[in-house]
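Here's the letter readout for the chains.
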Amino acid sequence: MLDALQFIKDRDPGQKEFHQAVQEVLESVKPVLDRNPEYARMRILERITEPERVIQFRIPWMDDAGQVQVNRGFRIEMSSAIGPYKGGLRFHPSVNLSILKFLAFEQVFKNALTTLPMGGGKGGSDFDPKGKSDTEVMHFCQSFMMELFRHIGPNTDVPAGDIGVGGREIGYLFGMYKRLRNEFTGVLTGKSLSWGGSLIRPEATGYGCVYFASEMLATRNDTLQGKVCLVSGSGNVAQYTVEKLLQLGAKVITLSDSSGYIYDEEGIDAEKLAYVMQLKNIKRARISGYVEKYPHAVYTELDPTLDCNPLWAHPADCAFPSATENEINGRDAARLIANNIMLVAEGANMPSTPEAVDIYLENRILYGPGKASNAGGVAVSGLEMSQNSMRLNWPREEVDRRLREIMKSIHTVCVESAEKYNQPGNYVAGANIAGFLKVVNAMQDQGLV
Ligand code: NDP
Ligand code: 2IT
C-alpha cells in the first residue's frame, strides 16, 4: 500500500494536496486490501489513483480595458466506474493540477456514497473572479466552454459549481455549450430553475451537511437544538449551513472569507443571514461589511503570519468548516478539543489537515469527513440529472425528502462499514471503505479498462 503512495509521490512530486487525499484513503482501506489480495494483482490502487483522463487547455479572453488575458483551464476525468464523470468547476487563483486531482479523487468516493450513478471528476481555472465585471466573467466563461464543450456531455461528463462558480457562471457556461452543440441537455447542474435546474440544489450542500450532523448527534441521543456553532466561509455552502442550523434551533456565531472572520456573540439570526446573502451574492462584497451593519459584532482580519486561525478558538459545541482545504490545522483542532467541541461536520472538501483529523479521532468526537458530510450537493446534482432525463421537475419537498434520505443512508453506510472493519465510530474509515468498495467492485466487473 505504502509502495503505491511512494510511487505516486515520486511520479508527481509537487502534488501535495493530491498526496494528502490519497494517503488518507489508502490508510483507511488497508484492512480491505488485506482481506482481498486479488486487488493487488489487479493493481487496483495504481488504477484508482490515476485519472482516466486529464485535460488542460488555454483560455484566452479580453478584459474590459481591451487587454488580452490568458488563463489555464483543466478538467480531471478521474473515474467513470459507476457513471459519467461528475463534479464541480472551481475558479480561484490557487487552482492547479494538485488541487483539482485531490478534489476529483475525493469526488469519486463521495459520489459513490450518494447511491446515485455518478463517476468522479473536477475542473476549473486559475481565473480570479474577484473584482471582475459581469461582462468579464461572461467572456471568460464563454472562452472556457469553447474548449471544454468537446470533452463533456450529459452521458459523458457533467460539471457543476464549486468555489467561484455559482448560478451566474453556470448560466454563461450553459449558454455557450448550447450554442456550440445546438443541444439543450442536462450537461451542467446547478442551473437556474426556469431552464432545467432543480429546487434545493443551491441549498443542498449546506442542508445536507446539517442533516448529516443531526444523524451523527442522534447516535448520542442528541440534537442541534441550542448548540453553539462555528461556521467558516460565507459562500454557498456556509450560507445554507447557517440557514438550516437556524431552522433546527442552533446558534451560529462566526462566518469568514479569505480576508478575515466575524464573531457575533448574539448569534447570526435569519435577518442577519439575509444581509450576508445580499452582501456576498448580490453586492459581491466582503464579510467585513457585516460589522458595518451590526457594529456589536467583531471583525478580525486574517493574519497570514499566525500558525492558527482564531475563528476556531471560540468556545462552541459544533464546527462546520465550509470555506476551503486545510483551514483547520493541528493547533486549531487542539483548541477546538480544549473547548470541548463535540462535533465537526465538513462542508468544505478536506478542510482539516491530517494532524487535525488525528486529533478528532483520538478524542472520539463526532467527525464527519467532507466526502460524507458534504455529499448533499452532488447528490442533488444527481437528482437534477434524473429530472433533466425525465424532462420534469420534482417539487421542493420531494427533493428535500430525497436529500434527507440520501444523507441518512450515507450516515448508515459509514457507521456499518466502520463497524465491519473494527473501527466503530470512525466515519473517516467508514466513508473511505464504503466508497472504495463500491468503485472497486464496479471496476472488477468491467474488466481491465
Ligand atoms: P463559494 O465560492 O460560494 O464560497 C467560498 C467561501 O470560502 C468564500 O467565503 C471564500 O471567501 C472562502 N474561501 C475560498 N477560498 C479561500 C481560501 N483560500 N482561504 C480562505 N477562505 C476561502 O464556494 P462554496 O461555498 O461552493 O465552496 C466552499 C467549500 O465547499 C469548498 O471547499 C468546496 O469545494 C466545497 N463544496 C462545495 C459544494 C457546492 O455544491 N458548492 C459541494 C461540496 C463541497 P472569498 O469570498 O474571500 O473568496
Ligand atoms: O465538491 C463537490 O461535491 C461539488 N462542488 C459539487 C459537485 C457537483 O457536481 O454538484
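The notes below deal with the structure included here. (Residues numbered from 1 in each chain as written. Chains lettered and ligands numbered in written order. Predicted model: local features only at pLDDT ≥ 70, side-chain atom pairs only at ≥ 80, totals over all residues. Heavy atoms only, no water.)

The strand order 1-2-4-3-5 describes an open sheet built from 5 strands, whose pairing is mixed. Of all the strands in the sheet, the pair left with one neighbour each is strand 1 (53-62) and strand 5 (157-160). This sheet shows a mean twist of 20° between the axes of neighbouring strands, independent of strand direction. Together, strand 1, strand 2 (68-79), strand 3 (85-91) and strand 4 (120-125) form the strand contacts of helix 6 (residues 97-113), whose direction differs from that of strand 4 by roughly 150°. (Pairing = 2+ DSSP bridges. Helix = DSSP H or I, 4+ residues; strand = E, 2+ residues; numbered from the N terminus. Axes fitted to C-alpha atoms, helices over the stretch in contact; angles between N-to-C directions. Contact = heavy atoms within 4.5 Å.)

Before going further, it helps to spend a moment on a nonpolar patch on the surface. On the surface, M62, V68 and V70 cluster together into a nonpolar patch covering about 300 Å² of accessible area. V68 gets classed as exposed once you look at its relative accessible area, which sits at 59%. (Patch = residues over 30% accessible without salt bridge, like charges linked within 9 Å, V, L, I, M, F, W, Y side chains within 5 Å. Areas by Shrake-Rupley, 256 points an atom, 1.4 Å probe, with all protein chains shown as cover. Salt bridge = Lys/Arg side-chain N within 4 Å of Asp/Glu carboxyl O. Buried < 20%, exposed > 50% of the residue type's maximum accessible area, 1.4 Å probe, protein only.)

Next up on the list: unusual backbone geometry. With a phi close to 55°, N182 is a non-glycine residue in the positive phi region. Summarising the element assignment, N182 is placed in the loop between helix 8 (167-181) and helix 9 (201-218). If you check the backbone angles, R391 has positive phi at about 55° while not being a glycine. Locating R391 in the fold gives a position in the loop between helix 16 (376-390) and helix 17 (396-420). Looking at R391, the relative accessible area reads 71%, which means it is exposed.

By the element assignment, P129 lies in the loop between strand 4 and helix 7 (134-148). Take P129: its relative accessible area is 15%, and that puts it in the buried class. Spatially, the C-alpha atom of P129 lies 6.6 Å from that of G164, the residues being 35 residues apart in sequence. The residues touching P129, leaving out its near neighbours within four places in the chain, are F91 and G164.

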